[in-house]
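# A closer look at the structure
The primary structure of each chain is shown beneath.
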Amino acid sequence: QVQLVESGGGLVQPGESLRLSCAASGRIESIYAMAWYRAGPQRELVASVTSDDITNYDDSVKGRFTISRDYAKNTVSLQMNSLKPEDTAVYYCNALLGAPNAPMGDVWGQGTQVTVSS
């Protein structure tokens, strides 16, 4: 019903910036929240945004990363500034389906590699 495709990953030096993009297709009206995760012991939540534009961030990225949605283009982006080597990971786009009172599962993208190294 919903498919997600990420793009924008790459290799950058510490202090530089990247912008990740996630394009959604299918029954996008069923999405009530979207988020970015990165690899960890499980998948670590980096940032999320709801359909009414409420955002939250992991403490490790507050002040450096910004999540935003473009409803006209059906995309969610993650602007990553002041990147650190510890930010190196595979980043995954996630969409929550249904509603807070009636969750209906989620959908994951394929992931995009971000490498921060000198």
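Residues numbered from 1 in each chain as written. Predicted model: local features only at pLDDT ≥ 70, side-chain atom pairs only at ≥ 80, totals over all residues. Heavy atoms only, no water.

### Side note on the side chain of Arg-38
Of note, Arg-38 is situated in strand β4 (residues 31–39). Arg-38 sits in the buried class, given a relative accessible area of 6%. One polar contact links Arg-38 to Ser-60, side chain to side chain, over a distance of 3.1 Å. There is a polar contact of 3.1 Å between the side chain of Arg-38 and the side chain of Asp-87. (Helix = DSSP H or I, 4+ residues; strand = E, 2+ residues; numbered from the N terminus. Buried < 20%, exposed > 50% of the residue type's maximum accessible area, 1.4 Å probe, protein only. Polar contact = N/O pair within 3.5 Å; in protein donor to acceptor, adjacent residues only side chain to side chain.)

### Brief notes about the nonpolar core
Within soluble globular proteins, side chains that are nonpolar tend to cluster in buried spots. The biggest cluster of nonpolar side chains holds 28 residues, and the ones touching the most others in it are Leu-4, Trp-36, Leu-78, Met-80 and Tyr-91. Where this core is concerned, the elements lending two or more residues are β1 (2–7), β3 (18–26), β4, β5 (43–50), β7 (65–70), β8 (75–80), β9 (89–99) and β11 (112–116). Counting residues per element, this core draws most heavily on β9, which supplies 5 residues. (Core = buried A, V, L, I, M, F, W, Y, C linked by side-chain atoms within 4.5 Å.)

### What about the state of the cysteines?
Evaluation of the coordinates by the stated rule reveals 1 disulfide. Covalently, Cys-22 is tied to Cys-93 through a disulfide, its sulfur atoms 2.2 Å apart. Every disulfide takes its handedness from the sign of the S-S torsion; for Cys-22 and Cys-93 that torsion is -85°, giving left-handed. Note that Cys-22 is positioned in strand β3 and Cys-93 in strand β9, a separation of 71 residues in sequence. (Disulfide = S-S within 2.5 Å.)

### A few points about the confidence of the model for the protein chain
Parts of the prediction with low pLDDT should not have their coordinates interpreted in detail. Looking at the protein chain, the pLDDT average stands at 94 and 100% of residues meet or exceed 70. Across the protein chain, the secondary-structure element scoring lowest on mean pLDDT is strand β10 (residues 102–108), at 91, and the one scoring highest is strand β2 (residues 10–12), at 98. (pLDDT = per-residue confidence, 0-100.)

### Re unusual backbone geometry
Its identity is not glycine, yet Asp-53 carries a phi of approximately 65°, on the positive side. Structurally, Asp-53 is set in the loop between β5 and β6 (55–57). Judged by its relative accessible area of 47%, Asp-53 falls in the partly exposed class. Positive phi values are uncommon outside glycine, yet Ser-82 reaches one of about 50°. On the accessibility criterion, Ser-82 (41% relative accessible area) is partly exposed.

### Examining the pattern of salt bridges
Following the criterion strictly, the structure yields 5 salt bridges and no others. Between Asp-59 and Lys-62 there is a salt bridge whose closest N-O contact spans 3.1 Å. Arg-64 is the partner of Asp-87 in a salt bridge, and the nearest nitrogen-oxygen pair spans 2.8 Å. Placement of Asp-87 in the loop between β8 and β9 and of Arg-64 in the loop between β6 and β7 is noted, with a sequence separation of 23 residues between them. Overlapping salt bridges, with partners in common, bring together Arg-38, Glu-44, Arg-64 and Asp-87 in one network. (Salt bridge = Lys/Arg side-chain N within 4 Å of Asp/Glu carboxyl O.)

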